[in-house]
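Chain and residue survey
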Amino acid sequence: MMRSVPAAAVTVLLAWIYPSCGLYFHIGETEKKCFIEEIPDETMVIGKYRTQLWDKQTGSFLPSTPGLGMHVEIKDPDTKIILSRQYGSEGRFTFTSHTPGEHQICLHSNSTKMALFAGGKLRVHLEIQVGEHTNNYPEIAAKDKLTELQLRVRQLLDQVEQIQKEQSYQRYREERFRMTSESTNQRVLWWSIAQTFILIVTGIWQMRHLKSFFEAKKLV
């Protein structure tokens, strides 16, 4: 499922419904962590992260220094890079999918500040929001002066729109699966026909060879 790079640690996130996903992971000096999100087309994704550096004296993770940054790279299902940018020890990245399918989100520390690691580990807290979960509804309500009922209607409309996108994506996956199945079945059919033809040709050749052998021995 993952098109990884050498020495890259890969974690897979598969989501049928797209809530806000929060997690943390550890990363070394040369490691790259990649995640896969299945995202419908024309869907906004927001990622937020913050880093903590392992402190040997206290034996715990402490907030990272400002000089330590993270590089974020995002590829679409066609492995086309849609975002590649250097951020600080805390960051927020946003992108909109234009192709439905598996999007790869990779993070790794910047190579110019490796001395800060001192052989330790870096903890990265990552939160990924997809679809209507990217909307800041209190801010929208304040900006558009919406009542509580109007805001709830807005949320429901956004949820319906996201459900429609997810349904379209599932139909897209079903169509691809059907095409793959039909292609596989067709190849199996042609392979069976080829095997049958080879067996028939081999049988005819063996019969002719045996006939020639018996005629040469004057047994027939």
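Procedures and definitions
- Residues numbered from 1 in each chain as written.
- Predicted model: local features only at pLDDT ≥ 70, side-chain atom pairs only at ≥ 80, totals over all residues.
- Heavy atoms only, no water.
- UniProt positions renumbered as here; feature names shortened; annotations may be inferred.
- 1 Å grid on protein atoms, 1.4 Å probe; cavity = no way out; pocket = protein on both sides within 12 Å on 5 of 7 lines; lining within 4 Å.
- Points joined across faces, edges and corners; volume = space filled by probe spheres on them.
- Helix = DSSP H or I, 4+ residues; strand = E, 2+ residues; numbered from the N terminus.
- Nonpolar A, V, L, I, M, F, W, Y, C, P; charged D, E, K, R; others polar.
- Domains from an automatic or database assignment.
- Core = buried A, V, L, I, M, F, W, Y, C linked by side-chain atoms within 4.5 Å.
- Buried < 20%, exposed > 50% of the residue type's maximum accessible area, 1.4 Å probe, protein only.
- Contact = heavy atoms within 4.5 Å.
- Salt bridge = Lys/Arg side-chain N within 4 Å of Asp/Glu carboxyl O.

Per an unreviewed UniProt entry, the chain is named Transmembrane p24 trafficking protein 4, and its organism is Xiphophorus maculatus. Note on the chain: under the UniProt heading Sequence similarities (unreviewed entry), the record states "Belongs to the EMP24/GP25L family."

The computed volume of the largest pocket comes to approximately 210 Å³. Along its surface, the largest pocket is lined by Glu38, Pro77, Pro100, Gly101, Glu102, Tyr169, Tyr172, Arg173 and Arg176. Of all the elements in the fold, those that place two or more residues in the lining of the largest pocket are strand E9 (101–109) and helix H2 (148–216). Sorting elements by how many residues they give to the lining of the largest pocket places H2 first, with four residues. A per-class count over the lining of the largest pocket returns four nonpolar, one polar and four charged. Of the domains in this structure, domain 1 (22–134) and domain 2 (136–219) are the two that each give at least three residues to the lining of the largest pocket. The space that makes up the second largest pocket amounts to roughly 150 Å³. Lining the second largest pocket we find Thr43, Met44, Gly131, Glu132, Thr134, Asn135, Asp158, Glu161, Gln162 and Lys165. Looking at the lining of the second largest pocket, the elements with two or more residues in it are strand E4 (43–55) and H2. Top contributing element to the lining of the second largest pocket by residue count: H2, with four residues.

What follows concerns the UniProt feature "transmembrane region" (unreviewed entry) in the chain. According to UniProt, the "transmembrane region" (unreviewed entry) feature falls on residues 188–207. Span residues 188–207 is 100% helix and 0% strand, its end C-alpha atoms 29 Å apart.

Core analysis: the biggest nonpolar cluster contains 22 residues, and Tyr49, Phe93, Leu107 and Leu126 have the highest contact counts within it. Of all the elements in the fold, those that place two or more residues in this core are strand E2 (21–27), strand E3 (32–39), E4, strand E6 (70–75), strand E7 (81–87), strand E8 (90–97), E9 and strand E10 (122–130). Take this core: its biggest share by element is five residues, from E10. In this structure leucine 107 touches Ile27, Glu31, Lys32, Lys33, Phe35, Tyr49, Met70, His71, Val72 and Leu126, once residues within four positions along its chain are discounted.

This next bit is on the side chain of aspartate 158. Inspection of the secondary structure assignment puts aspartate 158 in helix H2. Ignoring sequence-local partners within four residues, the contact set of aspartate 158 consists of Glu132, Asn135 and Tyr137.

This next bit is on the pattern of salt bridges. Tallied over the full model, the rule gives six salt bridges. We note a salt bridge from lysine 75 to glutamate 73, for which the minimum N-O separation is 4.0 Å. Lysine 165 is the salt-bridge partner of glutamate 161, the closest N and O atoms lying 3.9 Å from each other. Of this pair, glutamate 161 and lysine 165 both sit in helix H2, separated by four residues, roughly a single helical turn. A network of salt bridges, in which partner residues are shared, links Glu175, Arg178 and Glu182.

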